[in-house]
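Summary of structural features
Residues per chain are reported as follows:
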Amino acid sequence: MDDNILVVNCGSSSLKLAVFDSDLNSLAHGLAERLNSEEASAKARTVDQQALALPANADHHMALVTLIEHFRSVGILKSAPVAIGHRVVHGGEAFTDAALITPEVIQAIDRCSALAPLHNPVNMIGIDAARALFPDVPQVAVFDTAFHQSLPPKAFHYALPTRFYRDWGVRRYGFHGTSHQFMANEAARLLKQPTDQTSIISAHLGNGCSITAIRNGRSVDTSMGLTPLEGLVMGTRSGDIDPGLFDFLMGKGLSTAEINRILNRESGLLGLSGATNDMRTLTERAKAGHPPSTLAIEVFCFRLARYIGAMMASLDRLDALVFTGGIGENSASVRAATLDHLALLGFKLDSAANSSHGRDNEHRIHEASSRFPVLVVPTNEELVIAQAARDRGYGPH
Ligand code: AMP
């Protein structure tokens, strides 16, 4: 029997699957996209990239079965995995860590669906599908919110009547916790100090963006809130807005559903540029003289710089500012433009190291005279999930 670990990450219309060996070496990846639509598609990467046939309107269950069948046919997953890890977006206040999936845990995830109606139900579909395929394999849920359960009350309370928190759980939860936790561990490793004595600011900049202050290895402030809409400018999400905007737009005849859709799917880099949510394309267009693309990047970087400053309020020491995510790892110009706003704080980038994205052993992109180290660290959420599945999934059940 191969001691493989399977990681399942269900998004609203996508499914990512990863297979690791028991030493957590990555063996294979699969990605299914545009699920539940005419254009449903899937591809798998083992040694090479291969497109797999999915019927129109294929759903998460079908995508999971197709990818697993493919991995079996190419000799990976010859036997059932020893553990399966699932990304679950919202764990509310019920989960401060990963959890072995039991009927009680399923009920608790279900209760959290009210707080993440777009995410938790699809995460549950992934769990059900994997349980149907591998009924005897221990399954582990890893929550995006869990790492942020260490936020102190001053950071997680909104200045609202406290009954909203008491009765309905209205508070800041924070997301991308798995990635920020990985950054805390990686930064500590690179700085050669223990994680619980390392304080960093972690900027996860992908299609979704969030920033977290991590004090001695624990999350103490983060930019996302009750939902993943709050905070930084993102690919299609607005991030912070004046809550008065709701009343204003409703006065213009928009429904709450329309406003919600616009804030989640038509705002951010896409809304500002009127062109795309893809930072690569925006950077090219800005260079070619497209003012809305330039504006989108400027708003993105300025908001990020303001948040880096804000995160300092939660720390008594800063060991490193760490960039990750598709934009954080690959956009030298975004990192440079952001830190240009923070010269007063003493950040100084080494432009050669920044241009090569810190791709050496130390991952550093700052000058020796910078007041704070700045690192670029590729995130690996699937590895963290596999590790949790291995650690929680073994042993008697
Ligand atoms: P993620 O959600 O982490 O996959 O990140 C997606 C974002 O990363 C998109 O906005 C991409 O345009 C951006 N991205 C990926 N590669 C690059 C690159 N080389 N330069 C700038 N942005 C990039």
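So, a few notes on the structure that sits alongside this text. (Residues numbered from 1 in each chain as written. Predicted model: local features only at pLDDT ≥ 70, side-chain atom pairs only at ≥ 80, totals over all residues. Heavy atoms only, no water.)

A word on the sheet that holds strand β12 (residues 320–324). On the basis of which strands lie adjacent, the open sheet formed by five strands has the order β11-β10-β9-β12-β13 and mixed pairing. Taken across any chain shown, the strands that pair with only one partner, and hence form the sheet edges, are β11 (218–222) and β13 (374–376). Going from strand to strand, the sheet's axes swing by 25 degrees on average, the running direction of each strand aside. (Pairing = 2+ DSSP bridges. Helix = DSSP H or I, 4+ residues; strand = E, 2+ residues; numbered from the N terminus. Axes fitted to C-alpha atoms, helices over the stretch in contact; angles between N-to-C directions.)

Counted residue by residue, β12 has five buried out of five residues, so it is predominantly covered. Both faces of β12 are covered, namely the face carrying A320, V322 and T324 and the face carrying L321 and F323. Pairing between strand β9 (residues 200–205) and β12: five bridges, direction parallel. Counterpart to I201 in the pairing with β12 is L321. Of the strand pairs in this sheet, β12 and β13 are connected by three bridges, and their pairing is parallel. Bridge pairing links L321 to V374 in β13. (Buried < 20%, exposed > 50% of the residue type's maximum accessible area, 1.4 Å probe, protein only.)

Around the ligand, the neighbouring residues are G206, N207, N277, D278, M279, R280, G325, G326, I327, N330 and S331. The contact in question runs from an oxygen atom of the ligand to an N or O atom on the backbone of N207, over 2.9 Å. Between the ligand and M279 there is a distance of 2.9 Å, counted from an oxygen atom to a backbone nitrogen or oxygen. Alone, the ligand offers 500 Å² of accessible surface; in the complex the protein occludes 68% of this. Among the elements of the structure, α10 (279–287) and α12 (325–330) are those that each provide at least two residues to the shell around the ligand. Looking at which element gives the most residues to the shell around the ligand, the answer is α12, with four residues. In terms of residue class, the shell around the ligand is made up of two nonpolar, seven polar and two charged. (Near = heavy atom within 4 Å. Polar contact = N/O pair within 3.5 Å; in protein donor to acceptor, adjacent residues only side chain to side chain. Areas by Shrake-Rupley, 256 points an atom, 1.4 Å probe, with all protein chains shown as cover. Nonpolar A, V, L, I, M, F, W, Y, C, P; charged D, E, K, R; others polar.)

Strand order in the open sheet formed by eight strands is β5-β4-β3-β2-β1-β6-β8-β7, with mixed pairing between adjacent strands. A strand with exactly one partner marks an edge of an open sheet, and here the two such strands are β5 (49–52) and β7 (99–100). Of the strand pairs in this sheet, strand β1 (residues 5–10) and strand β6 (residues 83–88) are connected by four bridges, and their pairing is parallel. Bridge pairing in β6 places I5 opposite A83. This element, helix α3 (residues 120–133), spans β1, β6 and β8 (139–143) of the sheet and lies at about 170 degrees to β6. (Contact = heavy atoms within 4.5 Å.)

Outside of glycine, negative phi angles account for most residues, and trans bonds account for most peptide bonds. For H357, which is not glycine, the phi dihedral falls at a positive 60 degrees. If you trace the backbone, H357 turns up in the loop between α14 (351–355) and β13. At H363, a residue that is not glycine, the phi angle is positive and equals roughly 65 degrees. Its location among the elements puts H363 in the loop between α14 and β13. Residue classification places H363 among the buried positions, given a relative accessible area of 18%.

When we look at a pair of aromatic rings, we describe it by the centre distance and by the angle of the planes. Applying the stated criterion across every chain, the model contains four aromatic pairs. Plain terms: the ring middles of F164 and W168 are 5.5 Å apart, the flat faces sit at 20 degrees to each other, and that makes the pair stacked. With F164 and W168 both in helix α5 (residues 162–168) and four residues apart, this pair spans about one turn of that helix. Judged by relative accessible area, which is 24%, F164 ranks as partly exposed. Centre to centre, the rings of F347 and F372 are 5.2 Å apart; their planes meet at 45 degrees, and the pair counts as tilted. In this pair, F347 is assigned in the loop between α13 (332–340) and α14 and F372 in the loop between α14 and β13, connecting sequence segments 25 residues apart. (Phe/Tyr/Trp six-rings, centres within 6.5 Å; stacked < 30°, edge-to-face > 60°.)

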